[in-house]
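Inside the fold
Residues per chain, in single letters:
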Amino acid sequence: MDETSDEPPTSAVLLDNCHFSQVIFNNVDKFYVPGGDITCYYTLTQNIVPRGKDWVGIFRVGWKTTREYYTFMWAPLPSDARSDTAVKQQIQFKAYYLPKDDEYYQFCYVDQDGVVRGASVPFQFRAETEDDILVVTTQGEVEEIELQNKNLHKENEELKASCASLKKQNIDLQKELNKMQELQNSLESLRSNTEKLELELNSLKKENKQLKELDDCREAELHQLKEQIQDVTSDKERLETRLKTALDHMDQLQSQVLNYEKEMENLSLMDRDKTEQLESLKEENRQLRAIGTQQKEENKELECCVEYLKGSKAELAFSVPPQQNQDLMKELEEQKRLFQILQAKKNEANEENQKQREDELLRHLAQAEEVSSFSVASQAQAPIPSPEVGGLLFGNPYSGEITWHSVSIRKCPMCDEVFPEDSETSQYEAHVQSHLLECPLCNEAFEKSNKQVFDDHIFCHRLE
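Read on for a plain summary of the structure.

Here is what the cut-offs are and how they apply
- Residues numbered from 1 in each chain as written.
- Predicted model: local features only at pLDDT ≥ 70, side-chain atom pairs only at ≥ 80, totals over all residues.
- Heavy atoms only, no water.
- Helix = DSSP H or I, 4+ residues; strand = E, 2+ residues; numbered from the N terminus.
- Buried < 20%, exposed > 50% of the residue type's maximum accessible area, 1.4 Å probe, protein only.
- Polar contact = N/O pair within 3.5 Å; in protein donor to acceptor, adjacent residues only side chain to side chain.
- Contact = heavy atoms within 4.5 Å.
- 1 Å grid on protein atoms, 1.4 Å probe; cavity = no way out; pocket = protein on both sides within 12 Å on 5 of 7 lines; lining within 4 Å.
- Points joined across faces, edges and corners; volume = space filled by probe spheres on them.
- Nonpolar A, V, L, I, M, F, W, Y, C, P; charged D, E, K, R; others polar.
- Arc of directions from axis to C-beta.
- Core = buried A, V, L, I, M, F, W, Y, C linked by side-chain atoms within 4.5 Å.
- Pairing = 2+ DSSP bridges.
- Axes fitted to C-alpha atoms, helices over the stretch in contact; angles between N-to-C directions.
- Expected span 1.5 Å × (residues − 1).
- Salt bridge = Lys/Arg side-chain N within 4 Å of Asp/Glu carboxyl O.

1. Things to note about the side chain of Gln124
You can see Gln124 is positioned in strand β9 (residues 123–125). Classification of Gln124 as buried rests on a relative accessible area of 7%. Side chain to side chain, Gln124 and Arg126 meet in a polar contact 3.0 Å long. Sequence-distant contacts of Gln124, defined by excluding residues within four places in its chain, comprise Lys30, Phe31, Tyr32, Asp102, Glu103 and Tyr104.

Have a look at this one:
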């Protein structure tokens, strides 16, 4: 790499702030012959870490910053990457890029941050002089040489003065250049700051416009909210009035509920009493059935007696003399009278049994009517029609004509089967009729469970 390549990284760091001991230059000659290539030998100590942009430059003695290099070469990276040992390196400078004067120069190792890490001893680019050669000159030549030396010395002094002046001008120009660079940097920063401020100003203007629009929207929303608050306040007052009314109504309902609870307790007590009465009625019904069974047996015996008497009457009509036949007829009439008396007693017992059953059934249905009327009145406040005076709620099943009443609860008086309110009346009547047997002569109705009573009734019609 030569001086026509990319510029190396430099800095304005002064010589006093550099670290010359981190790179050591070896085998540096005092003189290098002009027109030939030179090789620079140096050693990288363990105190430096070589990087890709490190370089080795040739500087004229008296340099102040790394920008004053004459030529440079990129420093190759060592093959051994370990940093705990010293590494020897070398670089070759081509003769074309070397200085042509006989001033003093030196090698300097500069890292990629532009900081000098090592410097060599000074050297010159000139041929070696032979001190053993003897030169013989005349007096005129000596004087001419002395004159030339004086002129040269004078020119040298002038050149030194101009060089010092140029160095001073160079330093001043460098200072001015640094100032200009600083001013340019500050100008660039000011321009960037100005652009940023302009962008911020534009954004602030947009935000201000948006805020104004938002403010207008907020004012409109605030107005709407005030109107809504007024509406809500009026609604609140109405709701408070309704709430107060509802609370009063709820207090009334609570008092009614308490009354209903008390009535329900009374009804539950009444229900228990009715259950006990129903059990007692069932017991009486069992007893009456036993009596009915006993009466059936007695009826069978009476029928047998009647048949026997009929047969005896027919036989006596042919075989007995008239006087004896007369006595037998009297006896038969007496037996018939006794039979009628027993039949009358039986009928009285049946009527009494029927009356008792009707009274018990009437009480049971009246109590059921009270419970039903209370439940319906508490829910729908609708009155229930009461049965006729002296009649049954579902009609007398033992009479020829059966009257039906439309009630809220339809319950069969025979099997206690309950029919819903929306069921047809004909269905309910057919169900009740299925429990009854009707006399074809007098249209009197009997329960199917008491078929013996029905048979006795038919038999009495035959005797008549």
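From this point, the discussion proceeds with the structure in view.
2. A few points about the layout of surface pockets
By volume, the largest pocket amounts to about 1000 Å³. In terms of lining residues, the largest pocket is bounded by 27 residues, among which Gly62, Trp63, Glu68, Lys167 and Asn170 are the most central. Mapped onto the lining of the largest pocket, the elements with two or more residues apiece are β5 (69–74), β7 (104–110) and α1 (139–319). Broken down by element, the lining of the largest pocket gets its largest block of residues, 11 residues, from α1. Residue composition of the lining of the largest pocket, grouped by class: 12 nonpolar, six polar and nine charged.

3. Some thoughts on helix α3 (residues 425–433)
For α3, the complete set of buried residues consists of Tyr428, His431 and Val432. Taken end-on, α3 shows its buried residues confined to a sector of 95°, consistent with a single buried face. Buried-residue contacts for α3 involve β10 (410–411), β11 (418–419) and β12 (436–438).

4. Here we look at the nonpolar core
Tyr42, Val56, Phe93, Phe107 and Tyr109 are the most contacted members of the largest nonpolar core, which totals 21 residues. At the level of elements, β1 (23–26), β3 (38–44), β4 (55–60), β6 (87–93), β7 and β9 are the ones that each hand at least two residues to this core. Among the elements that take part in this core, β3 stands out by supplying four residues, more than any other. Apart from residues lying up to four places away in sequence, Phe107 is in contact with Phe25, Val28, Tyr32, Ile38, Cys40, Gly57, Ile58, Phe93, Gly118, Ala119, Ser120 and Phe123. Trp55, Phe59, Phe72 and Cys108 belong to the second-largest nonpolar core, a separate cluster that totals nine residues.

5. Notes on the pairing of β6
Residues Val87, Gln89, Ile91 and Phe93 line the buried face of β6, whereas the alternating positions Lys88, Gln90 and Gln92 sit on a face that is not buried. Pairing between β3 and β6: seven bridges, direction antiparallel. Each residue of the ladder has a partner; that of Ile38, found in β6, is Phe93.

6. A closer look at the sheet that holds β1
Ordered in space as β1-β3-β6, the three strands form an open sheet in which the pairing is antiparallel. The sheet is open, and its two borders are formed by β1 and β6, each paired with just one other strand. Ignoring which end each strand starts from, the neighbouring axes of this sheet average 30° apart. Sheet analysis places β1 next to β3, joined by four bridges and oriented antiparallel.

7. A word on helix α4 (residues 451–463)
Between its first and last C-alpha atoms α4 spans 19 Å; for 13 residues at 1.5 Å apiece the expected length is 18 Å, and the two agree. All of the buried residues in α4 are Gln452, Phe454, Asp456, His457, Ile458, Phe459 and Cys460.

8. Notes on the pattern of salt bridges
Per the stated rule, a full pass over the model turns up eight salt bridges. Linking Glu188 and Arg191 is a salt bridge whose minimum nitrogen-to-oxygen distance equals 3.7 Å. Here the residue Glu188 and the residue Arg191 both occupy positions in helix α1, the gap between them amounting to three residues, near one helical turn. For Glu188, a relative accessible area of 41% corresponds to the partly exposed category. Its salt-bridge partner being Arg286, residue Glu283 comes within 2.2 Å of it at the nearest N-O pair. One end of the pair is Glu283 and the other is Arg286, both in helix α1 and three residues apart, which spans about a single turn.

9. Observations regarding empty space enclosed by the protein
Scanning the entire structure with this criterion turns up two cavities of 30 Å³ or more. What the largest cavity holds in volume is close to 50 Å³. Asn299, Leu302, Glu303, Phe339, Gln343, Lys346, Asp456, Phe459 and Cys460 together form the lining of the largest cavity. Listed by contribution, the elements that provide at least two residues to the lining of the largest cavity are α1, α2 (322–379) and α4. Looking at the lining of the largest cavity residue by residue, the class counts come to four nonpolar, two polar and three charged.

10. Quick notes on unusual backbone geometry
For Asn27, which is not glycine, the phi torsion reads 55° and is therefore positive. Within the fold, Asn27 resides in the loop between β1 and β2 (31–32). Residue Asn27 is classed as exposed on the basis of its relative accessible area of 61%. Even without a glycine there, the phi angle at Asn443 is positive, about 60°. Relative to the elements of secondary structure, Asn443 occurs in the loop between β12 and β13 (445–447). Judged by relative accessible area, which is 40%, Asn443 ranks as partly exposed.

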